[in-house]
Amino acid sequence: QVQLVESGGGLVQPGGSLRLSCVGSGFAFSLYAMAWYRQALGKQRELVASITSGGSTNYADSGKGRFTISRDNAKNAMYLQMNNLKLEDTAVYFCKTLGHWGQGTQVTVSS
């Protein structure tokens, strides 16, 4: 029933920007915290940023100062604005809430 669909990934050059989107359905979106995770090849999935139902945000050191998480409850959507992308940001990015995961969207940072 709970469904999360990510979009916005793609190929970008170092220093470039992307905005990822996650649209949720099947639950009361506005009532729950959400988070972005990422998983690079050969590595464990790691937390990137989270946002509470009230809009309080937290960031992992990896994206702090470069990434911004936000949500638009009217659209059942969560976003991750990623600026000044680095090679090490290459990963599949997932959104999560209520213990559920989206399928992920690939972000590739390459020259």
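The preceding data block contains the structure.
Below or above, wherever it landed, is the structure these notes cover. (Residues numbered from 1 in each chain as written. Predicted model: local features only at pLDDT ≥ 70, side-chain atom pairs only at ≥ 80, totals over all residues. Heavy atoms only, no water.)

A word on the packing of aromatic side chains
Logical step 1: Under the criterion given, the structure shown has four aromatic pairs.
Logical step 2: Geometrically, the ring pair formed by Phe 27 and Phe 29 is tilted, given 5.9 Å between the ring centres and 35° between the ring planes. Residues Phe 27 and Phe 29 agree in their burial class; the two are buried.
Logical step 3: Through pairs of rings, three or more aromatic residues link up here, namely Phe 27, Phe 29 and Tyr 32.
Logical step 4: Of note, Arg 45 hangs over the ring of Phe 94, and the distance from its end group to the ring centre comes to 3.7 Å.
Logical step 5: Residue placement shows Arg 45 over the ring face of Trp 101; its charged tip is 4.5 Å from the ring centre. (Phe/Tyr/Trp six-rings, centres within 6.5 Å; stacked < 30°, edge-to-face > 60°. Buried < 20%, exposed > 50% of the residue type's maximum accessible area, 1.4 Å probe, protein only. Lys NZ or Arg CZ within 6 Å of the ring centre and 35° of its normal.)

What about the state of the cysteines?
Logical step 1: Tallied over the entire structure, the rule returns one disulfide.
Logical step 2: With its sulfur 2.0 Å from that of its partner, Cys 22 forms a disulfide with Cys 95. A torsion of 55° about the S-S bond marks the disulfide between Cys 22 and Cys 95 as right-handed. Of the two residues, Cys 22 sits in strand 3 (residues 18-25) while Cys 95 sits in strand 9 (residues 91-97), which places them 73 residues apart along the sequence.
Logical step 3: The class of Cys 22 is buried, set by a relative accessible area of 0%.
Logical step 4: By relative accessible area, which is 0% here, Cys 95 ends up buried. (Disulfide = S-S within 2.5 Å. Helix = DSSP H or I, 4+ residues; strand = E, 2+ residues; numbered from the N terminus.)

Regarding the side chain of Asp 89
Logical step 1: With respect to the element layout, Asp 89 can be found in the loop between strand 8 (77-82) and strand 9.
Logical step 2: For Asp 89, a relative accessible area of 0% translates into the label buried.

A short note on the sheet that holds strand 7 (residues 67-72)
Logical step 1: With antiparallel pairing, four strands are arranged side by side in an open sheet as 1-3-8-7. Of all strands in the sheet, those bounded by a partner on one side alone are strand 1 (3-7) and strand 7. When the angles between neighbouring strand axes are averaged without regard to direction, this sheet yields 15°. (Pairing = 2+ DSSP bridges. Axes fitted to C-alpha atoms, helices over the stretch in contact; angles between N-to-C directions.)

A few points about a nonpolar patch on the surface
Logical step 1: On the surface, Leu 31, Tyr 32 and Leu 98 cluster together to form a nonpolar patch covering roughly 280 Å² of accessible area.
Logical step 2: Residue classification places Tyr 32 among the partly exposed residues on the basis of a relative accessible area of 33%. (Patch = residues over 30% accessible without salt bridge, like charges linked within 9 Å, V, L, I, M, F, W, Y side chains within 5 Å. Areas by Shrake-Rupley, 256 points an atom, 1.4 Å probe, with all protein chains shown as cover. Salt bridge = Lys/Arg side-chain N within 4 Å of Asp/Glu carboxyl O.)

Quick notes on the pairing of strand 4 (residues 34-39)
Logical step 1: Most of strand 4 sits inside the fold, with five of its six residues counted as buried.
Logical step 2: Of the pairings in the sheet, the one linking strand 4 to strand 5 (residues 46-51) comprises five bridges and is antiparallel in character. For Tyr 37, the partnering residue across the bridge sits in strand 5 and is Leu 47.
Logical step 3: What sits between the antiparallel neighbours strand 4 and strand 5 is a turn of six residues, in which Gly 42 has the positive phi angle 75°.
Logical step 4: When strand 4 meets strand 9, the two strands line up antiparallel, connected through five bridges. Paired with Ala 35 across the strands is Lys 96, a residue of strand 9.

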